[in-house]
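So you can see what is in the structure, the chains are spelled out below.
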Amino acid sequence: MQRTITQMRLNKTESLLRERLVSGLEGDEKAYLIFLKDLSTHLRAFFRKRLTQLPDEVEDLVQETLLAIHNQRHTYDAGQPLTSWIHAIAKYKFVDFLRRRAGREALNDPLDDTSELFAASDSEAADARRDVLKMLDLLPERQRLPIQHAKIEGLSIVEAADITGMSESAIKVGIHRGLKALAAIIGGLK
């Protein structure tokens, strides 16, 4: 049920963005500017989620991606899904960023620092994520969805409200009450 609702919202977002881009390609400057503005909020969330350790880089990547989309807009096939086309461009910009950064970081990282090899395990992060998702499933939807979208996926309050159909204040209240309920759940486990 939840996946169906989420998919319906994603389809609606895709449809609106596609409609604005196509109108923009046909000469409607206002529709094109709205397309770029709306797309930037989605790109920001996409990159913020992937760059949690480098939040200062998010805005640069958003601007680079918007510029690439603008420069390549003539390649968009209106008969194809917009999401796939945009995702491909965003993914390439992200990979380019990682390559540039890896080149710079290789010059700064000590090569003989073996003490960090066993300091952390990827499975610990995966286990923690699984545990958090299990605890979130215990919450009512009005608390779970705001936490999932705003805190886990990194969306803004406005974006979370758009996706869930809740008001911005309901998102804030849901996060507050949900985190309080999670704290109580964790406290009961000790």
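Let me sum up the structure you'll find in this document. Model, not experiment: these values are computed from the prediction.

1. Examining helix α6 (residues 141–152)
- Looking at α6, one finds that the buried residues are Gln143, Arg144, Leu145, Pro146, Ile147, His149 and Ala150.
- Among the residues trailing α6, Gly154 stands out with phi positive, at a value near 80°.

2. Looking at the packing of aromatic side chains
- Counted by the stated rule, this structure contains four aromatic pairs.
- Centroid distance Tyr32 to Phe35: 6.0 Å. Interplanar angle 25°. Geometry classified as stacked. On the criterion of helical spacing, the pair formed by Tyr32 and Phe35 is a turn pair, its members being three residues apart in helix α2 (residues 29–50).
- Taking the centre distance of 5.3 Å and the plane angle of 55° together, the rings of Tyr76 and Trp85 count as tilted.
- Among the aromatic residues, those joined into a ring-pair cluster are Phe46, Phe47 and Phe94.
- If you follow Arg50 out to its NZ or CZ, it ends over the ring of Phe46, 3.7 Å from the centre.

3. A look at the packing of α2 against helix α3 (residues 58–71)
- The geometry of α2 relative to α3 is characterised by a closest axis approach of 9 Å and an angle of 135° between their N-to-C directions. Viewed along their axes, α2 and α3 adopt a mutual orientation that is oblique. Of the two possible hands of crossing, α2 and α3 adopt the one that is right-handed. Contacts between α2 and α3 involve Tyr32, Phe35, Leu36, Leu39, Ser40, Leu43, Arg44, Phe47 and Arg48 on the former and, on the latter, Val58, Glu59, Leu61, Val62, Thr65, Leu66, Ile69 and His70.
- A breakdown of the residues in the contact of α2 with α3 according to their chemical character gives 11 nonpolar, three polar and three charged.

4. What about the nonpolar core?
- Of all hydrophobic cores here, the largest spans 25 residues; its most connected members are Phe35, Leu43, Phe47, Ile69, Leu82, Trp85 and Ile86.
- At the level of elements, α1 (2–25), α2, α3 and α4 (82–108) are the ones that each hand at least two residues to this core.
- Once residues lying within four places of it in the same chain are set aside, the contact partners of Ile69 are Phe35, Leu39, Leu43, Trp85, Ile86 and Ile89.

5. Notes on the packing of α6 against helix α7 (residues 157–164)
- It is at 9 Å that the axes of α6 and α7 come closest, and there the two elements cross at 135°. Between α6 and α7, the crossing angle belongs to the class labelled oblique. The interaxial crossing formed by α6 with α7 has right-handed handedness. Residues Leu145, His149 and Ala150 of α6 lie in contact with α7, whose contacting residues are Ile157, Ala160, Ile163 and Thr164.
- Class assignment of the residues belonging to the contact of α6 with α7 gives a composition of five nonpolar, two polar and no charged.

6. Remarks on the side chain of Thr65
- Relative to the elements of secondary structure, Thr65 occurs in helix α3.
- Residue classification places Thr65 among the buried positions, given a relative accessible area of 0%.
- Of the polar contacts made by the side chain of Thr65, one reaches the backbone oxygen of Leu61; its length is 2.7 Å.
- Ignoring sequence-local partners within four residues, the contact set of Thr65 consists of Leu43, Phe47, Ile89, Ala90 and Lys93.

7. Here we look at the pattern of salt bridges
- Applying the stated rule across the entire model yields five salt bridges.
- Asp96 is paired through a salt bridge with Arg99; the nearest N and O atoms lie 3.8 Å apart. Taken together, the positions of Asp96 and Arg99, both in helix α4 and three residues apart, correspond to about one turn of that helix.

8. What to know about the environment of Leu82
- Its location among the elements puts Leu82 in helix α4.
- If near-sequence neighbours (up to four positions away) are discounted, Leu82 is found in contact with Glu14, Leu17, Arg18, Leu21, Phe35 and Tyr76.

Calculation notes
Within each chain, residues carry numbers counting from 1 in the order of the written sequence. Residues qualify for local features only when their pLDDT is at least 70, as the model is predicted, and side-chain atom pairs are given and counted only at 80 or more; totals for whole chains, interfaces and linings, by contrast, use all residues. Where side-chain values are given, they derive from all heavy atoms of the structure, hydrogens and water being excluded. Only protein chains enter the accessibility calculation, which uses a 1.4 Å probe. A residue is then buried if its area is under 20% of the maximum for its type, exposed if over 50%, and partly exposed in between. What counts as a helix is a DSSP run of H or I of at least four residues, what counts as a strand is a run of E of at least two, and both are numbered from the N terminus. What counts as a ring pair is set by centres within 6.5 Å for rings of Phe, Tyr and Trp (its six-membered ring), and what kind of pair is set by the plane angle: stacked under 30 degrees, edge-to-face over 60, tilted for all other angles. The criterion for a charge sitting over a ring is simple: Lys NZ or Arg CZ within 6 Å of the ring centre, and within 35 degrees of the ring normal. Every axis in this analysis is a line fitted to C-alpha atoms, fitted for helices over the stretch in contact. Angles between the N-to-C directions lie between 0 and 180 degrees. Geometric relationships in this document are graded by angle, where less than 35 degrees denotes roughly parallel, more than 145 denotes roughly antiparallel, 65 to 115 denotes roughly perpendicular, and other angles denote oblique. What makes a crossing left-handed is the near helix being turned counterclockwise from the far one by less than a right angle; a clockwise turn instead makes it right-handed. Two residues qualify as a contact provided that any one of their heavy atoms is within 4.5 Å of a heavy atom in the partner residue. Polar here means any residue other than Ala, Val, Leu, Ile, Met, Phe, Trp, Tyr, Cys and Pro, which are nonpolar, and Asp, Glu, Lys and Arg, which are charged; Gly is therefore polar. Buried residues of nine kinds, namely Ala, Val, Leu, Ile, Met, Phe, Trp, Tyr and Cys, make up a nonpolar core once their side-chain atoms join them within 4.5 Å. Side-chain atoms alone can form a polar contact between residues adjacent in sequence; in general such a contact is a pair of N or O atoms within 3.5 Å, and within protein one must be able to donate a hydrogen while the other accepts it. A pair is scored as a salt bridge if a Lys or Arg side-chain nitrogen falls within 4 Å of a carboxyl oxygen belonging to Asp or Glu.

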